[in-house]
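# Tertiary structure, described
Each chain, letter by letter, is given below.
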Amino acid sequence: MATYQFSYDEKGCKKFFKTYHHQEKTIKQFIERQLTRQIDTDFSKTKLATRIEVDGHKCYECRVNLPQTPNIRVAFTVDDTNVVVRYVTTNITKADFTHELEHFLSNR
């Protein structure tokens, strides 16, 4: 089991973490635990978020169930042990999430 270094894209995560700033630390722990589990199990419940590559990497998405806050869907990229959470939203419907993410990526 590898140790991963997580970072968060400021522009793609800011809106969500501004809304839930009082729980940011706990939410990040849930995200990091879920993504580590998915990476270690060879992306068993993870799909490509979009066909658009982000900084030369495939962009994956995963749903994260959170206690006491709405469930979220996150888009992320992986480069060896570096994981970048690109986008976080409470919009968990896959089609809507993909549309929202592609709009975000086209405006970066």
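Look above for the structure.
So, a few notes on the structure that sits alongside this text. Predicted model, so just to flag it, every value in this text is computed and none were measured.

This part covers the packing of aromatic side chains. Summed over all chains, the structure comprises eight aromatic pairs. Ring centres of Tyr8 and Phe17 lie 5.8 Å apart, and the angle between their planes is 80 degrees; on these two criteria the pair is classed as edge-to-face. The class of Phe17 is buried, set by a relative accessible area of 6%. Taking 5.3 Å as the distance between ring centres and 75 degrees as the angle between the ring planes, the aromatic pair formed by Phe16 and Phe17 counts as edge-to-face. For the pair formed by Phe16 and Phe17, the shared burial category is buried. Chaining the aromatic ring pairs together yields one cluster made of Tyr8, Phe16, Phe17 and Tyr20. Here Lys28 stacks its cationic end above the ring of Tyr8, 4.5 Å away from the centre of that ring.

In any sheet, the strands associate via hydrogen bonds between backbone groups, in a parallel or an antiparallel arrangement. Here we have five strands laid out as an open sheet, ordered β1-β5-β4-β3-β2, and mixed in their pairing. Lying at the two open borders of the sheet, with one neighbouring strand each, are β1 (5–8) and β2 (47–54). Ignoring which end each strand starts from, the neighbouring axes of this sheet average 30 degrees apart. Two elements, strand β3 (residues 57–64) and strand β4 (residues 72–79), share five bridges in a ladder whose sense is antiparallel. Within β4, the position partnered with Val64 by the bridge is Ile72. Here helix α1 (residues 10–19) sits on the sheet in contact with β1, β4 and β5 (82–89), set at roughly 50 degrees to β5.

Rules used in this analysis
Residues numbered from 1 in each chain as written. Predicted model: local features only at pLDDT ≥ 70, side-chain atom pairs only at ≥ 80, totals over all residues. Heavy atoms only, no water. Phe/Tyr/Trp six-rings, centres within 6.5 Å; stacked < 30°, edge-to-face > 60°. Buried < 20%, exposed > 50% of the residue type's maximum accessible area, 1.4 Å probe, protein only. Lys NZ or Arg CZ within 6 Å of the ring centre and 35° of its normal. Pairing = 2+ DSSP bridges. Helix = DSSP H or I, 4+ residues; strand = E, 2+ residues; numbered from the N terminus. Axes fitted to C-alpha atoms, helices over the stretch in contact; angles between N-to-C directions. Contact = heavy atoms within 4.5 Å.

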